[in-house]
Amino acid sequence: MNMMSLSARCTTVLRASFLAAFVIAGAPTAAAQEIHTMKLASPYSFADTLARLRTTLAGKGMTIFGTIDHQAGARDAGLSMRPATVVVYGNPKGGTPLMQAAPDFALELPLKVLVREDEQGKTWLVYEPVASLEGRHGLPAGMTERLAPAEKLLAAAVQPAPAP
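Residues numbered from 1 in each chain as written. Predicted model: local features only at pLDDT ≥ 70, side-chain atom pairs only at ≥ 80, totals over all residues. Heavy atoms only, no water.

1. Examining the sheet that holds strand S5 (residues 123-127)
In a beta sheet, neighbouring strands pair by backbone hydrogen bonds and run either parallel or antiparallel. Just so we agree on the cut-off: Following DSSP output, two strands are said to pair if at least two bridges run between them. Note on conventions: DSSP H or I runs of at least 4 residues are helices, E runs of at least 2 residues are strands, and numbering of each starts at the N terminus. To obtain each axis, a line is fitted to C-alpha atoms, and for helices this fit is confined to the stretch in contact; angles are then taken between N-to-C directions over 0 to 180 degrees.
Strand order in the open sheet formed by 5 strands is S1-S5-S4-S3-S2, with antiparallel pairing between adjacent strands. Two strands lie at the open edges of the sheet, namely strand S1 (38-42) and strand S2 (63-69), each paired on one side alone. Recorded for the sheet is a direction-independent mean angle of 20 degrees between the axes of neighbouring strands.

2. Topic: the pairing of S5
Formally: Throughout this description, buried means an accessible area under 20% of the type-specific maximum (1.4 Å probe, protein chains only), exposed means over 50%, and partly exposed covers the range between.
For S5, the buried fraction is high: 5 of the 5 residues fall into the buried class. Residue alternation in S5 divides its side chains into two sets, Thr123, Leu125 and Tyr127 and Trp124 and Val126, and both sets are buried. In this structure, S1 lies alongside S5, joined through 5 bridges in antiparallel fashion. Pairing of Lys39 across the sheet is with Val126, part of S5. Here strand S4 (residues 111-117) pairs with S5 via 5 bridges, running antiparallel. Within the sheet, the bridge partner assigned to Val113 lies in S5 and is Tyr127. Here S4 folds back onto S5 in antiparallel fashion, the turn holding 5 residues, of which Gly121 has a positive phi close to 85 degrees.

Structure (structure tokens):
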């Protein structure tokens, strides 16, 4: 047996051992990390919901960092799809302390919400609830509560107007 094949076999055995230990220890995998989302029905059209969302967020001091119009992207690629726009928003005063406590938490910020229209023409807000972010990336317990006011604004944006 030559030295090269012994080395290759040892490397293979070590890799298999590390993989087994990783799996047995319960290390997270892409399949095991289920992301929970919330869906809020909007009584408004897609365009009105998007406008109300922007107005509500900006009116409460949130910065809208950008929007991603998936329908426009599909159209540019010669495809069609129902209206779907992601709004990227947040407030550095709220998010920065979380990133200071756990720098990798920056992957979760700014926050995002999807406004989409389904096959029946109903409009939805879809987002990841603040509670599901708890403990991610080493964030100390309870810190996601700083993001709760931002989540409440989403529900406020789709509340029906009060009857006169």
